Amino acid sequence: MRHKGVQKEETRRKVTESVSRGFRKHGYAGIGIDKLAKDAGVTSGAFYAHFGSKNGAFEVALNLGLDEVIEAIPRFQHESGAAWVQAFVDYYLGQPHIKDLECGCAMASLTPEVVRSDAEFHAIYETKMVRIAGLIAQGLLEATDTQNARGRAWALLSLLTGGLNMVRAMNSPEAADELIEALKPTALAVAGPARAVTKQR
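Residue positions are counted from 1 within each chain, in the order its sequence is given. Residues qualify for local features only when their pLDDT is at least 70, as the model is predicted, and side-chain atom pairs are given and counted only at 80 or more; totals for whole chains, interfaces and linings, by contrast, use all residues. Side-chain descriptors were evaluated using all non-hydrogen atoms of the structure, hydrogens and water having been removed beforehand.

Enquirer: Looking at this structure, I do not really get the packing of helix α8 (residues 119-138) against helix α9 (residues 146-169). What am I missing?
Expert: Helix-helix packing is characterised by the crossing angle of the two axes and by the distance between the axes. Angles here are taken between N-to-C directions and fall from 0 to 180 degrees, while the axes themselves are lines fitted to C-alpha atoms, restricted in helices to the stretch in contact. Helical segments are the DSSP runs of H or I of at least four residues, strand segments are the runs of E of at least two, and each set is numbered from the N terminus. Where α8 contacts α9, the axes come no closer than 8 Å and their chain directions differ by 115°. Comparing the axis directions of α8 and α9 gives the class roughly perpendicular. As for the relative orientation of α8 and α9, their crossing is right-handed in sense. Of α9, the residues touching α8 (which contributes M129, V130, I132, A133, G134, I136 and A137) are A149, R150, A153, W154, L156 and L157. Note on terminology: angles under 35 degrees are roughly parallel, angles over 145 are roughly antiparallel, angles of 65 to 115 are roughly perpendicular, and the others are oblique. Handedness of each helix crossing follows the sense of rotation of the near helix against the far helix: counterclockwise by less than a right angle gives left-handed, clockwise gives right-handed. Whether two residues touch is decided by their heavy atoms; if any such pair falls within 4.5 Å, the residues are in contact.

Enquirer: Help me understand the layout of surface pockets in this model?
Expert: Gaps between atoms show up when a probe of the same size as a water molecule is rolled over them. Volume-wise, the largest pocket comes out at about 250 Å³. For the lining of the largest pocket, the secondary structure elements donating two or more residues are α4 (54-80), α5 (84-92) and α7 (106-115). With seven residues, α4 is the largest single contributor of residues to the lining of the largest pocket. A pocket here means an open set of points on a 1 Å grid, computed over the protein atoms alone, that has protein on both sides within 12 Å along at least five of seven lines. A cavity is instead a set of points where a 1.4 Å probe fits but cannot get out; residues with an atom within 4 Å of a point line either one. Grid points are joined across faces, edges and corners, and a volume is the space filled by probe spheres set on the points.

Enquirer: Explanation requested: the packing of aromatic side chains in the structure shown.
Expert: Geometrically, a pair of aromatic rings is defined through the distance of the ring centres and the angle of the planes. For Phe, Tyr and Trp, where Trp contributes only its six-membered ring, two rings pair if their centres lie within 6.5 Å, and the inter-plane angle classes them as stacked under 30 degrees, edge-to-face over 60, or tilted in between. Taken as a whole and judged by the stated rule, the model has 10 aromatic pairs. A centroid spacing of 6.1 Å and a plane angle of 90° characterise the contact between F47 and Y48, whose relative ring orientation is edge-to-face. Burial classification: accessible surface area is computed with a 1.4 Å probe over protein chains only, and a residue below 20% of its type maximum counts as buried, one above 50% as exposed, and the rest as partly exposed. On the accessibility criterion, F47 (0% relative accessible area) is buried. When the ring of F76 is compared with that of Y91, the centres are 5.7 Å apart and the planes differ by 45°; the resulting orientation is tilted. In this pair, F76 is assigned in helix α4 and Y91 in helix α5, connecting sequence segments 15 residues apart. Owing to a relative accessible area of 16%, F76 belongs among the buried residues under this scheme. An aromatic cluster is present here, built from F76, W84, F88, Y91 and Y92 joined pairwise through their rings. The ring centre of Y28 lies 4.3 Å from the NZ or CZ of K54, which sits over that ring. Any Lys NZ or Arg CZ that is within 6 Å of a ring centre and within 35 degrees of that ring's normal is treated as a charge sitting over the ring.

Following this line, the structure appears as structure tokens:
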């Protein structure tokens, strides 16, 4: 028999993941509590029990989405070695990721929502993004030059997240493909040479 505490934690995880997908796909204003609860397979009452409010749900979704990036960057660095930036850019601007709005990167899908949100969400976003930029900087050559590496990391993040949103907004595949082909080499040039990063224990 499954322990009640474990089952409760699994339920919360599934609900949280569903809510995160809902915000990424529809935006904060584009989806209500009833729809979020229905998609998560819970009642509106259970939704409030989990999150307290729609703002509470968005906070959890924002943290979850950006934490996914925080976990993914070291994975790319470890698995692809010095070629990790190329692998990351290919993934980020690849068709599966472009088309997967609800499960795609929260940096692209939730940044516009944070822009229109309260200061508390700006603070969460800033903290997480500073950490993401730091992780990227560690994987760039000349990482001992902290200012240079972090500047390149911020430029890479801005190019990819903004570029992804532009690609997704295009009406024709031809225009989207043209933009992708322009973005990929520019992203690599902005990042500069990368280096292998030892996996953290």
